[in-house]
Amino acid sequence: MSANPDSKITPAGDVPVRVLVLDDDAPVRDIVRSLLRDAGCTVETASGGHEGLQLLLRQDFDVAVVDLRMPDMGGAQFLYEARSIWPWLGIVIITGYAGDPAIDYARQVGVRHILEKPLNARSLRASVAAEAQTKRGTLAYSAAQSFDHIQAQLAVLSGRRLVYTRGYTLAEPGYPIANAETRFRTASVSKTVTAMQI
């Protein structure tokens, strides 16, 4: 990613950073979209949380720029819903209310970039670039891991309990195993996967 916040936000591989902007105030959406497009990002906008979730279901985004106060679904609720499905999604919060209690919630769930309105263009670009770099780095690391490890991460996110069998092949408890030899090895090396072990 480009380190200079005045320049283009350019990740490795020349794939533009994909940004979703959520704000119920149309002029703010337009300004943010313009600033990020000028920085080389692909930008979609939504006027509220429900519309934003629908866009997230249809498209892949690197970063969501989210206003905390929106009438249909506030930014905190959107953040909860989005992070429960896409934990790797980068989030930049924008707010006109510095004392909003939702800011504390955002920090608790790992949001690192909280910007106050009126927005500073350099801070916005730098925050989006940092979040996109983190998201793409996380996914690149995951892609480098074995398929079984990724399946384990997904299982933990979905709340299923899995056991390791034959080293790294995963099976749900009670899953039928192909042959007696495998069943014997499974009994000697099985352990429950917890979130701390992933």
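Caption draft 1: Geometry of the environment of T45. Take T45: it is sitting in strand β2 (residues 42–46). C-alpha of T45 to C-alpha of L20: the two residues are 25 residues apart in sequence and 5.6 Å apart in space. Setting aside residues no more than four positions away along its own chain, T45 makes contact with L20, V21, R29, R33, E51 and L55.

Caption draft 2: Quick look at the pairing of β2. For strand β1 (residues 18–22) and β2, the ladder comprises five bridges, and the chain directions are parallel. Note on β2: the bridge partner recorded for R18 is T42.

Caption draft 3: Highlighting the environment of F78. Within the secondary structure layout, F78 lies in helix α3 (residues 75–85). Excluding residues that lie within four positions of it along the chain, F78 makes contacts with L20, L22, G49, G52, L53, L56, A64, V66 and M73.

Caption draft 4: Region of the structure containing helix α2 (residues 49–58). The set of residues buried in α2 consists of G49, G52, L53, L55 and L56. Seen along its axis, α2 keeps its buried residues to an arc of 160°; they face one direction. Exposed side chains of α2 directed beyond 90 degrees from the buried face belong to L57 and R58. On its buried side, α2 packs onto β1, β2 and α3.

Caption draft 5: Geometry of a negative patch on the surface. Side chains of D24, D25, E51 and D72 sit close together on the surface and give a patch of like negative charge. By the element assignment, E51 lies in helix α2. For E51, a relative accessible area of 36% translates into the label partly exposed.

The rules behind the values
Residues numbered from 1 in each chain as written. Predicted model: local features only at pLDDT ≥ 70, side-chain atom pairs only at ≥ 80, totals over all residues. Heavy atoms only, no water. Helix = DSSP H or I, 4+ residues; strand = E, 2+ residues; numbered from the N terminus. Contact = heavy atoms within 4.5 Å. Pairing = 2+ DSSP bridges. Buried < 20%, exposed > 50% of the residue type's maximum accessible area, 1.4 Å probe, protein only. Arc of directions from axis to C-beta. Patch = residues over 30% accessible without salt bridge, like charges linked within 9 Å, V, L, I, M, F, W, Y side chains within 5 Å. Areas by Shrake-Rupley, 256 points an atom, 1.4 Å probe, with all protein chains shown as cover. Salt bridge = Lys/Arg side-chain N within 4 Å of Asp/Glu carboxyl O. Lys, Arg positive; Asp, Glu negative; His and termini not counted. Charge placed at Lys NZ, Arg CZ, Asp CG, Glu CD.

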